[in-house]
Amino acid sequence: MITINYFGNIAEAAQSDSETLDLKSMSLEDLLELLDSKYGIKKFQFQVAVNRKIISTKQGLSLSDRDEIALLPPFSGG
Amino acid sequence: MITINYFGNIAEAAQSDSETLDLKSMSLEDLLELLDSKYGIKKFQFQVAVNRKIISTKQGLSLSDRDEIALLPPFSGG
Amino acid sequence: MKKVFLEGAISSAFIADSIAKHQSKHSIGAHNIFLGQVRADEVGDQKVVAIEYTTYEEMANEKLHEIREAAFEKFDLTCLHIYHSLGTVKVGEICIFVFVSSPRRKQVYEATEWLVNKVKEEVPIFGKEILDNEEHQWKVNS
Amino acid sequence: MKKVFLEGAISSAFIADSIAKHQSKHSIGAHNIFLGQVRADEVGDQKVVAIEYTTYEEMANEKLHEIREAAFEKFDLTCLHIYHSLGTVKVGEICIFVFVSSPRRKQVYEATEWLVNKVKEEVPIFGKEILDNEEHQWKVNS
């Protein structure tokens with residue numbers, strides 16, 4: 001099971017703050033394709049965090065069970 | 001009449017915050033000599049303000065009636 | 001882990017209380033405080049009336065911990081505090097409070113500036129600007 | 001002429017009140033505050049327990065007016081406030097409060113630093129450090 005957290009305008013598009021997908025493993029690339037087909041996320045600017053660390057989406061990462069993914073629009077604290 | 005204001009360690013040496021001298025005019029240099037003979041002010045580090053502006057003591061200034069002199073030790077606000 | 005996130009605006013009473021708590025620390029000679037206040041920015045013919053803040057709190061707390069540690073390495077500080085609002089903060093109210101204390105004043109300004117920039121750039125906080133007409137837009141830091 | 005000199009220490013309630021007064025100014029986005037606190041410095045085997053401040057008030061007010069004007073020329077500020085104690089301020093208490101507000105944060109740190117340095121260097125204020133044993137020495141800024 002993979003948890004995906006949504007924030008800002010992506011949470012609006014997903015109409016949810018969070019969901020879980022019942023997958024044992026998947027590449028990050030495939031996950032992002034899947035989410036784009038569901039919510040059209042590619043039109044947004046965002047970074048990806050895996051287990052609360054920002055990672056490059058180009059490094060061919062494999063996600064595994066219990067990973068926590070977050071799609072993070074540009075930070076705008078302060 | 002010339003007013004002289006003392007601050008910090010110079011006020012301590014003069015045992016006063018302020019005094020007036022009944023003079024119509026005098027050079028600043030002579031005034032400082034007079035004050036040194038009374039209070040030993042030359043052992044202190046200080047600047048001189050005439051009418052609330054800091055002036056150079058080397059410019060041969062003549063003081064006149066109603067001038068307000070101040071002997072200012074190093075500033076230590078804050 | 002020090003608590004950073006507060007629900008709603010940061011009150012001047014809260015700030016006063018933080019200041020007062022430092023009066024028993026007699027090695028401190030200088031404090032610097034940054035406060036961010038919500039501005040009534042114009043957006044077309046509308047105005048911002050409030051910002052609603054959300055965060056990815058677990059990640060934000062990890063990041064804030066790193067930022068704190070790095071600040072103590074980088075600057076000569078006695079203590080530092082960072083507070084940020086979550087939820088609704090109205091125009092004129094305070095949404096971020098960064099508080100740095102040191103024996104001497106030299107580094108406090110730079111330390112505060114560095115901390116505020118780090119929080120804005122590296123901590124996952126998201127601001128939703130609420131407009132007059134109840135529409136909204138997502139805040140972008142400049 | 002704005003009032004700068006206050007009798008005794010500057011309380012956290014006074015600071016909170018100053019902050020709260022700015023909440024109606026909706027163009028402000030950033031505040032920076034500097035607070036100077038009396039440190040228990042060691043002097044031989046004695047410690048500083050308080051500082052007694054005096055000033056040449058007429059000259060100080062003229063100088064502070066010049067400094068204010070120059071700060072508004074130099075930095076993009078909405079408002080600025082400077083307060084300094086006279087009389088006795090005990091260890092741990094606050095003796096100077098400089099408060100700068102601006103639409104944006106960029107310049108506020110530098111503006112505060114510049115103002116604090118100007119006050120220390122150019123305003124005729126004199127601090128008498130009172131020691132444990134009731135002796136004193138005249139404060140020298142570093």
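Up top is the structure these notes are about.
Residues numbered from 1 in each chain as written. Chains lettered and ligands numbered in written order. Predicted model: local features only at pLDDT ≥ 70, side-chain atom pairs only at ≥ 80, totals over all residues. Heavy atoms only, no water.

Asks: What am I meant to see in the overall build of chain C here?
Replies: From N to C terminus, chain C includes three helices and eight strands. Mapped from its N terminus to its C terminus, chain C presents α and β elements in the order β-α-β-β-β-α-β-β-α-β-β. Here the C-alpha atoms of chain C give a radius of gyration of 16 Å, agreeing with the 14 Å that 2.2 N^0.38 yields for 142 residues. With the C-alpha coordinates aligned to their principal axes, the bounding extent of chain C is approximately 50 × 30 × 25 Å. Counting the 142 residues in chain C, one finds 58% classified as buried. Within chain C, contacts between residues at least 6 apart in sequence are counted, and of these 76% link residues at least 24 apart. Within chain C, the 22 negative side-chain charges are centred at a point lying 9 Å from the centre of the 17 positive side-chain charges. (Helix = DSSP H or I, 4+ residues; strand = E, 2+ residues; numbered from the N terminus. Rg over C-alpha atoms; globule rule 2.2 N^0.38 Å. Buried < 20%, exposed > 50% of the residue type's maximum accessible area, 1.4 Å probe, protein only. Contact = heavy atoms within 4.5 Å. Lys, Arg positive; Asp, Glu negative; His and termini not counted. Charge placed at Lys NZ, Arg CZ, Asp CG, Glu CD.)

Asks: Got a minute to help me understand the interface of chain C and chain D in this structure?
Replies: When the parts of a complex come together, some accessible area is lost, and that lost area is often used as the size of the interface. Each partner contributes to the interface: chain C provides 39 residues, whereas chain D provides 39 residues. Between chain C and chain D lies a buried interface of about 3300 Å² when both sides are counted; carbon and sulfur atoms form 48% of it. Run the count over chain C and chain D and you get zero salt bridges. When contributions to the side of chain C that touches chain D are tallied by element, the ones reaching two or more residues are helix 1 (12-21), strand 2 (30-37) and helix 3 (108-122) of chain C. The element contributing the most residues to the side of chain C that touches chain D is strand 2 of chain C, with eight residues. A breakdown of the residues in the side of chain C that touches chain D according to their chemical character gives 17 nonpolar, 14 polar and eight charged. (Buried area = accessible area lost by both parts, 1.4 Å probe. Salt bridge = Lys/Arg side-chain N within 4 Å of Asp/Glu carboxyl O. Nonpolar A, V, L, I, M, F, W, Y, C, P; charged D, E, K, R; others polar.)

Asks: How do you make sense of the pairing of strand 1 (residues 2-6) of chain B when you look at a structure like this?
Replies: Residues and elements named next belong to chain B. The buried fraction of strand 1 is high, at four of five residues. In the sheet, strand 1 pairs with strand 2 (residues 18-21) via four bridges, with the strands oriented antiparallel. Looking across to strand 2, one finds that Thr3 is bridged to Thr20. Relative to strand 7 (residues 68-72), strand 1 is paired through four bridges, and the arrangement is parallel. Within strand 7, the position partnered with Tyr6 by the bridge is Leu71. (Pairing = 2+ DSSP bridges.)

Asks: What is the right way to look at the packing of aromatic side chains in this model?
Replies: For any two aromatic rings, the description comes down to two numbers: the centre-to-centre distance and the angle of the planes. A complete count under the given rule lists 20 aromatic pairs over all chains for this structure. Relative to Trp114 of chain C, the ring of Phe75 of chain C lies with its centre 5.8 Å away and its plane at 70 degrees, an arrangement referred to as edge-to-face. Of the two residues, Phe75 of chain C sits in the loop between helix 2 (57-74) and strand 5 (79-90) while Trp114 of chain C sits in helix 3, which places them 39 residues apart along the sequence. By the burial criterion, Phe75 of chain C is buried, and Trp114 of chain C matches it. Plain terms: the ring middles of Phe14 of chain D and Phe97 of chain D are 6.3 Å apart, the flat faces sit at 85 degrees to each other, and that makes the pair edge-to-face. Here Phe14 of chain D, found in helix 1 (residues 12-21), pairs with Phe97 of chain D, found in strand 6 (residues 94-102); they are 83 residues apart in sequence, far enough to count as distant. Under the relative-accessibility criterion, Phe14 of chain D is labelled partly exposed at 28%. (Phe/Tyr/Trp six-rings, centres within 6.5 Å; stacked < 30°, edge-to-face > 60°.)

Asks: Which parts of the structure should I look at to understand the sheet that holds strand 1 of chain B?
Replies: Sheet strands pair via backbone hydrogen bonds, and the direction of the pair is either parallel or antiparallel. Residues and elements named next belong to chain B. Spatial ordering of the open sheet is given by 2-1-7-4-5, a layout of five strands whose pairing is mixed. With one partner strand each, in any of the chains shown, strand 2 and strand 5 (53-55) form the two edges of the open sheet. On average, adjacent strands in this sheet sit at an angle of 30 degrees to one another, irrespective of strand direction. With respect to the sheet, helix 2 (residues 28-39) is in contact with strand 1, strand 2, strand 4 (47-50), strand 5 and strand 7, its orientation differing from that of strand 2 by roughly 125 degrees. (Axes fitted to C-alpha atoms, helices over the stretch in contact; angles between N-to-C directions.)

Asks: Can you walk me through the side chain of Ser12 of chain D in this structure?
Replies: If you trace the backbone, Ser12 of chain D turns up in helix 1. In contact with Ser12 of chain D, not counting residues within four places along its chain, are Ala16, Ile19 and Ala20 of chain C.

Asks: It is not clear to me how the packing of helix 1 of chain C against helix 1 of chain D should be interpreted in this structure. Could you clarify?
Replies: The geometry of a pair of packed helices is captured by two quantities: the angle between their axes and the separation between those axes. One way to put it is that helix 1 of chain C packs onto helix 1 of chain D with a least axis distance of 8 Å and a crossing angle of 150 degrees. One finds that helix 1 of chain C runs roughly antiparallel with respect to helix 1 of chain D. Seen along the crossing, helix 1 of chain C lies across helix 1 of chain D with a hand that is right-handed. Counted together, Ser12, Ile15, Ala16, Ile19 and Ala20 of chain C of helix 1 of chain C and Ser12, Ile15, Ala16, Ile19 and Ala20 of chain D of helix 1 of chain D form the full contact between these two elements. (Parallel < 35°, antiparallel > 145°, perpendicular 65-115°, else oblique. Left-handed = near helix turned anticlockwise from the far one by under 90°.)

Asks: Got a minute to help me understand the relation of the copies chain C and chain D in this structure?
Replies: Between the two chain copies there is a screw-like relation: a rotation about an axis and a shift along it. Structural alignment of chain C on chain D gives an RMSD of 0.0 Å, achieved by rotating through 180 degrees and translating 0.0 Å along the axis. Read as a symmetry element, the transformation amounts to a two-fold axis. A high fraction, 100%, of the interface residues of chain C reappear at the interface in chain D, so the copies pair face to face through one surface. (Least-squares fit on C-alpha atoms with pLDDT ≥ 70 in both.)

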